[in-house]
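A structural walkthrough
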Amino acid sequence: MIRQNIYISICLLTLSSIGQAAEYRVDTQRKFDEVSSIELRPGDSILLKSGQTFAGMLAPTGQGVEGKPIRVTAYGKGRRPVIHAQGRHVAGLLLKEPSYWEVDGLEITNTNGTNEDQGDLFGIYVLADETEGVHRHVYIDDCYVHDVNGMVAGKRRGGIHVHIRKLRSATFDDLRITNNVVENVGGVGIGNDSSCGKVRLFPGRHESRNLWTRVYVAGNRVDSTGRNNVIARVSKDAVYEYNTLANSSRQSTGHSIFCFNTDGMKIQYNEAYGNRGEGGIDRGGIDADYNCVNTFIQYNYSHDNNWFCGIMKRPTRNVVIRYNISQNDREGIYFYGFENERKAENVHVYNNTHFVRAGLDVEVFANGRTPVNTRFENNIFCFEGAGQWGRKAVGINTVFRNNLYFNIDPHPSDTQPIVGDPRFTQPGQTATRIDLTTMEDLIGYRLQEESPGRDSGISIRNSGEKDLLRTLVVGGRVNVGALE
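Rules used throughout
Residues numbered from 1 in each chain as written. Predicted model: local features only at pLDDT ≥ 70, side-chain atom pairs only at ≥ 80, totals over all residues. Heavy atoms only, no water. Helix = DSSP H or I, 4+ residues; strand = E, 2+ residues; numbered from the N terminus. Buried < 20%, exposed > 50% of the residue type's maximum accessible area, 1.4 Å probe, protein only. Areas by Shrake-Rupley, 256 points an atom, 1.4 Å probe, with all protein chains shown as cover. Salt bridge = Lys/Arg side-chain N within 4 Å of Asp/Glu carboxyl O. 1 Å grid on protein atoms, 1.4 Å probe; cavity = no way out; pocket = protein on both sides within 12 Å on 5 of 7 lines; lining within 4 Å. Points joined across faces, edges and corners; volume = space filled by probe spheres on them. Nonpolar A, V, L, I, M, F, W, Y, C, P; charged D, E, K, R; others polar. Patch = residues over 30% accessible without salt bridge, like charges linked within 9 Å, V, L, I, M, F, W, Y side chains within 5 Å. Lys, Arg positive; Asp, Glu negative; His and termini not counted. Charge placed at Lys NZ, Arg CZ, Asp CG, Glu CD. Phe/Tyr/Trp six-rings, centres within 6.5 Å; stacked < 30°, edge-to-face > 60°. Lys NZ or Arg CZ within 6 Å of the ring centre and 35° of its normal. Core = buried A, V, L, I, M, F, W, Y, C linked by side-chain atoms within 4.5 Å. pLDDT = per-residue confidence, 0-100. Contact = heavy atoms within 4.5 Å. Pairing = 2+ DSSP bridges.

**Quick word on the overall build of the chain**
Tallying secondary structure elements over the chain gives one helix and 43 strands in all. Taken over the C-alpha atoms alone, the chain extends approximately 80 × 45 × 45 Å along its principal axes. By the burial criterion, 59% of the 484 residues in the chain qualify as buried. Carbon and sulfur atoms form 44% of the exposed surface of the chain, whose accessible area is close to 18,500 Å².

**Some remarks on the pattern of salt bridges**
Throughout the structure, instances matching the rule amount to 25 salt bridges. Between Glu377 and Arg401 there is a salt bridge; the shortest N-O distance is 2.6 Å. Within this pair, whereas Glu377 is found in strand 39 (residues 372-377), its partner Arg401 is found in strand 41 (residues 396-401), the two being separated by 24 residues in sequence. Several salt bridges share partner residues, and in doing so they unite Lys96, Asp129 and Glu130 into one network.

**What about the layout of surface pockets?**
The volume enclosed by the largest pocket comes to roughly 310 Å³. Taken together, 20 residues make up the lining of the largest pocket; nearest its centre are Lys155, Asp282, Asp289, Tyr290 and Phe338. Mapped by element, the contributors of at least two residues to the lining of the largest pocket are strand 26 (257-263) and strand 35 (332-337). In the lining of the largest pocket, the residues fall into seven nonpolar, five polar and eight charged.

**Overview of a positive patch on the surface**
On the surface, a cluster of positive charge is made up of Arg168, Lys198, Arg200 and Arg209. Its location among the elements puts Arg200 in strand 19 (residues 198-202). Here Arg200 falls in the partly exposed class, since its relative accessible area comes to 46%.

**Quick word on the packing of aromatic side chains**
In total, this model carries 25 aromatic pairs according to the counting rule given. Pairing Phe122 with Tyr125 gives two aromatic rings, centres 3.8 Å apart and planes at 5°, and the pair type is stacked. Each member of the pair, Phe122 as well as Tyr125, is classed as buried. When the ring of Phe260 is compared with that of Tyr290, the centres are 5.0 Å apart and the planes differ by 90°; the resulting orientation is edge-to-face. Highlighted residues: Phe260 in strand 26 and Tyr290 in the loop between strand 29 (284-288) and strand 30 (292-298), separated in sequence by 30 residues. Just as Phe260 is buried, Tyr290 falls in that class too. An aromatic cluster of at least three residues, connected via ring pairs, comprises Phe308, Tyr334, Tyr336, Phe365, Phe376, Phe381, Trp389, Phe400 and Tyr405. Positioned above the aromatic ring of Tyr75, the side-chain terminus of Arg25 is 4.6 Å from the ring centre. Above the plane of the ring of Tyr139 lies Arg176, whose end atom (NZ or CZ) is 5.5 Å from the centre.

**Topic: the nonpolar core**
Residues Ile46, Tyr240, Ile321, Tyr334, Val364, Phe365 and Phe381 are the most contacted members of the largest nonpolar core, which totals 89 residues. The element contributing the most residues to this core is strand 16 (residues 170-178), with four residues. Core analysis: the second largest hydrophobic core is formed by 27 residues, Ile325, Leu447, Ile460 and Leu469 among them.

**Thoughts on the confidence of the model for the chain**
Residues shown with low pLDDT carry predicted positions that ought not to be read at fine detail. Taken as a whole, the chain shows an average pLDDT of 95; of its residues, 96% reach a score of 70 or greater. Throughout residues 1-18 the model reports pLDDT below 50, and contacts reaching past four residues in sequence, or to other chains, amount to 36 contacts.

**A closer look at the pairing of strand 35**
Burial analysis of strand 35 places six of its six residues in the buried class, which makes it a mostly covered element. Inspection of the sheet shows strand 32 (residues 307-312) paired to strand 35 by four bridges, in the parallel sense. Bridging across to strand 35, Ile311 finds its partner in Tyr336. Alignment of strand 35 against strand 38 (residues 363-365), held across two bridges, turns out to be parallel. Bridging across to strand 38, Tyr334 finds its partner in Phe365.

If you want it as C-alpha cells, here you go:
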C-alpha cells in the first residue's frame, strides 16, 4: 500500500512540508476505513477521536526510526476510542513487521457476541512473518482489550500477543507491554512466541538461539481468560512485574503465568489469584516451566489458586523461588509437573511464607507429586488446621534445612527445623488487587518480637539482599519467611 497523497484530505491534520511527520485524525467510520491499511513513515501518527466507536481492523504498515516512532493513540476528551473487530478480523489492531511503533489509549474488542470459538483472534496482534532480523521498539501501553473470541482455550491467541512466525533468525528488542487491562478473552491474555527462539540444555551447559532482548511486561491487569493469563517465552533477562493476574484458565487448565525457552527470566511483584477448577494440573499462580535457565520467581503474592507455584521436571536449570507469600492456595503449595521426569536441576526455594487457613485440605506437594533436586531453606509453613505433605513428599535429592513449621510435622530431611507458631502480626487478612508497587498490604506477615522465626534464618549467598517489602537483608541475623 502506497502512502496517501498530501491532497487527500480525508483525515490529514498537518503536513507542513514534504518529508515531515503527518498526523491522521480519525473521527468517522469513513476515515477509519481509509486509514485502516495506510503506509506510514517515521514520526507519523494515527489519532482516533475519543468518544468515537469504529468497526473493523486497523492495520497500518511502515517503519519508524529511533527518535521518530510511529504512534497510534487517541485525541480529544472523553472515553477511549473503541475499535470493534466483531470477530470478523484477526485483530482490532494488527501491526505487521513493525519497528519503532507506540500504541496507547485505545479500547479494543473482537467477538461476534457469542461464547463460541471464532478462530485465532486477537485484540492487539503484533506479527513478524516476512522479515528476518531485529524488530525494535514496540510499545503497547494503557489499552483496554476485552471480549475477544468466546471463552475458549488455545495458547497462541487472545488479548495482546507478539509473534514471530515462519522465520529462522528474527527477534524483538525493546518490547514493552505496560499498564493495560485485558479481560474476558479467549486464549491467553498476554503472550509472545517465536518460530526460531529456543533454549536447549545439555550436561553442564546450555545453548540459546534468537532470544528476544529488553522485554518488559508490567503494570497490567489480566482477568478471566480461557487459558493462561500470561505466557512469557523466548527471551533473555526479561522482567514481568507489577501485574495482577486473576481468574485464569476458565476453559482449560494453565498456570496464571509461566515462562518457556527463557534465560534469566524474572517474575516478580505480581499478584495471582482465582486460578481454580477441575483438571488436576496447571492451576497454580506461577510456573517455572522447562527449557529455561536462571529463572527467578520472587516477591510475588499468590492466593486462592489451586496452588502457588509449579516446577516442571523436564529440562530446566537454576530455578530460584524466594520472598513470595502464598495465602490460602486451595489444594497445595508446590506442584512438580511431568511426574516421571527428573531433569529439573538446582531448584532453590527459600524465605517464602506459606499460610493456610483452617478448613482447607492442603498438601505442601500438590496431587501427591514428587519434588526433585530441590533445597528448601528459611521457609515458613504455617497451617491454622492440620497440614499435610503429600504422599511422595520425601522426594528425590530434596533437602529441607532451617524451615519453620506450625501444625505440620517437619520434613523428614530437615535436621534443624524450627517448630512453633510464627506469630505473624495479622495473617490471612490481605485481599485482592493489592498495591504491587509497595506490597505493604502484606505487612501482616511480619513476625512479632517473640516469634521463633525472628533472627533464626541461615545466611544464603546471592539472596537478593532485600525482602518482599524491600527491607535490606544483610549480615548474619535474618528472619525466616518473606519479611524481615
